[in-house]
Amino acid sequence: MVSSDQNLFHYSLLTLYLIGPPTFIALRFLQAPYGKHNRPGWGPTMSPPLAWILMESPTLWLTLLLFPFGSHSSNPKSIFLISPFLFHYFHRTCIYPLRLHNNNNNKSKANNGGFPVSVAMMAFVFNLLNAYVQARWVSQYKDYEGDGRFWFRFFVGLVVFLGGMGVNIWSDRVLVGLKKEGKGYRVPRGGLFELVSCPNYFGEIVEWLGWAVMTWSFAGLGFFLYTCANLVPRARANHRWYLDKFGEDYPKGRKAVIPFLY
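Residues numbered from 1 in each chain as written. Predicted model: local features only at pLDDT ≥ 70, side-chain atom pairs only at ≥ 80, totals over all residues. Heavy atoms only, no water.

Moving on, we come to the overall build of the chain. Assigned secondary structure in the chain consists of 10 helices and two strands. Expected size for 262 residues packed as a compact globule is a radius of gyration near 18 Å; at 19 Å, the chain falls within 12% of this value. If you take every contact in the chain between residues at least 6 apart in sequence, the share linking residues at least 24 apart comes to 83%. Roughly 12800 Å² of accessible area belongs to the chain as shown, and the carbon and sulfur atoms make up 67% of that amount. The distance from the centre of the 25 positive side-chain charges to the centre of the 13 negative ones in the chain is 7 Å. (Helix = DSSP H or I, 4+ residues; strand = E, 2+ residues; numbered from the N terminus. Rg over C-alpha atoms; globule rule 2.2 N^0.38 Å. Contact = heavy atoms within 4.5 Å. Areas by Shrake-Rupley, 256 points an atom, 1.4 Å probe, with all protein chains shown as cover. Lys, Arg positive; Asp, Glu negative; His and termini not counted. Charge placed at Lys NZ, Arg CZ, Asp CG, Glu CD.)

A few words on the pattern of salt bridges. It is possible for side chains of opposite charge to pair when their charged atoms get near one another. For the coordinates displayed, the defined rule picks out seven salt bridges. Across the salt bridge formed by Arg 153 and Asp 147, the nearest N and O atoms sit 2.6 Å from each other. For Glu 194, the salt bridge goes to Arg 254, with nearest N and O atoms at 3.9 Å. Here the residue Glu 194 occupies a position in the loop between α8 (150-180) and α9 (199-215), and Arg 254 occupies one in the segment after α10 (218-246), the gap between them amounting to 60 residues. A relative accessible area of 38% means that Glu 194 is categorised as partly exposed. (Salt bridge = Lys/Arg side-chain N within 4 Å of Asp/Glu carboxyl O. Buried < 20%, exposed > 50% of the residue type's maximum accessible area, 1.4 Å probe, protein only.)

Turning our attention to the packing of aromatic side chains. Considering all chains together, one arrives at 29 aromatic pairs under this definition. Relative to Phe 223, the ring of Phe 126 has its centre 6.4 Å away and its plane inclined at 40°; by these criteria the two rings are tilted. Placement of Phe 126 in helix α7 (residues 117-141) and of Phe 223 in helix α10 is noted, with a sequence separation of 97 residues between them. One exposure class covers both Phe 126 and Phe 223, and it is buried. Geometrically, the ring pair formed by Tyr 242 and Tyr 250 is stacked, given 5.1 Å between the ring centres and 5° between the ring planes. Grouping aromatic residues by their ring pairs yields a cluster made of Phe 85, Tyr 89, Phe 126, Phe 161, Trp 208, Trp 211, Phe 223 and Tyr 226. Seen from the ring of Trp 52, Arg 92 lies directly overhead, with NZ or CZ sitting 5.4 Å from the centre. We note Lys 245 situated over the ring of Phe 246; from NZ or CZ to the ring centre the distance is 5.9 Å. (Phe/Tyr/Trp six-rings, centres within 6.5 Å; stacked < 30°, edge-to-face > 60°. Lys NZ or Arg CZ within 6 Å of the ring centre and 35° of its normal.)

What follows covers the UniProt feature "transmembrane region" (unreviewed entry) in the chain. Mapped onto this structure's residue numbering, the UniProt feature "transmembrane region" (unreviewed entry) falls at residues 12-30, 50-67, 79-98, 118-138, 150-170 and 208-232. Secondary structure content for residues 50-67 is 89% helix and 0% strand, while the C-alpha to C-alpha distance between its ends is 26 Å. End-to-end, the C-alpha atoms of residues 150-170 are 30 Å apart, and along that stretch the chain is 100% helix and 0% strand. (UniProt positions renumbered as here; feature names shortened; annotations may be inferred.)

Mean pLDDT over the chain stands at 91; residues scoring 70 or higher make up 94%. Summarising per-element confidence for the chain, the mean pLDDT is lowest in helix α6 (residues 106-112) (46) and highest in α9 (98). Here residues 106-111 scores under 50 on pLDDT; set against residues more than four positions off or in separate chains, the count is five contacts. (pLDDT = per-residue confidence, 0-100.)

Right, let's get into the packing of helix α2 (residues 20-29) against α10. Contact geometry for α2 and α10: axes closest at 8 Å, N-to-C directions at 5°. The angle between α2 and α10 falls in the class roughly parallel. Note on element contacts: α10 touches α2 through Tyr 226, Ala 229, Asn 230, Pro 233 and Arg 236, opposite Gly 20, Thr 23, Phe 24, Leu 27 and Arg 28. Split into classes, the residues belonging to the contact of α2 with α10 amount to five nonpolar, three polar and two charged. (Axes fitted to C-alpha atoms, helices over the stretch in contact; angles between N-to-C directions. Parallel < 35°, antiparallel > 145°, perpendicular 65-115°, else oblique. Nonpolar A, V, L, I, M, F, W, Y, C, P; charged D, E, K, R; others polar.)

So this is what it looks like as structure tokens:
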């Protein structure tokens, strides 16, 4: 039983690394058809709030299901470590969809269209994989006794994580607020929007960099790298979309996702 779980964990972790490069390459040429890139031809759609609940939910229920079965489940270090992960996904699964539901008036819904069920299901499968890898690493396979710098790494990573989450949540609120006005797409202003087109993606990348530091593991690093493979091409596409739509009215000094660099 132990050996079979170790094999499953090993191959799941390997899969997390293997899917990153093809995801990055695919998204350089074909953007997921939701939000600004919404377009027909991807099958049935569902409401965006419901899609977010569906595709993000495994990170909560699967993590909470697996965690108690780990040999470190009662270790305070393990509990502290998994808490930021659950905190992020409680917001993403419960709070963010509720904000979308409350703020989307009929006009903004018409602008955004539905969320393709096929895309939501692909994200659902990824989150199943990732939740398993992260939960099993934290609760079962991490060596807490042999990590003499655990608390140093945890607090450094937590500061990075919370800083990124703050940027992510604030940026999402700005974007949702613009949709609520029902005036179509507009140029976001203020804060990190003055430096990059997608500070929400930048914030999430920083979050999972912090998670990689906190866990100090191939599991955390794999998630961080996949996040970059997924969000950097989408940020680049969003940046080009803004430039095409607003032309000379769009600030020329803004980068796509990394301030001053890219």
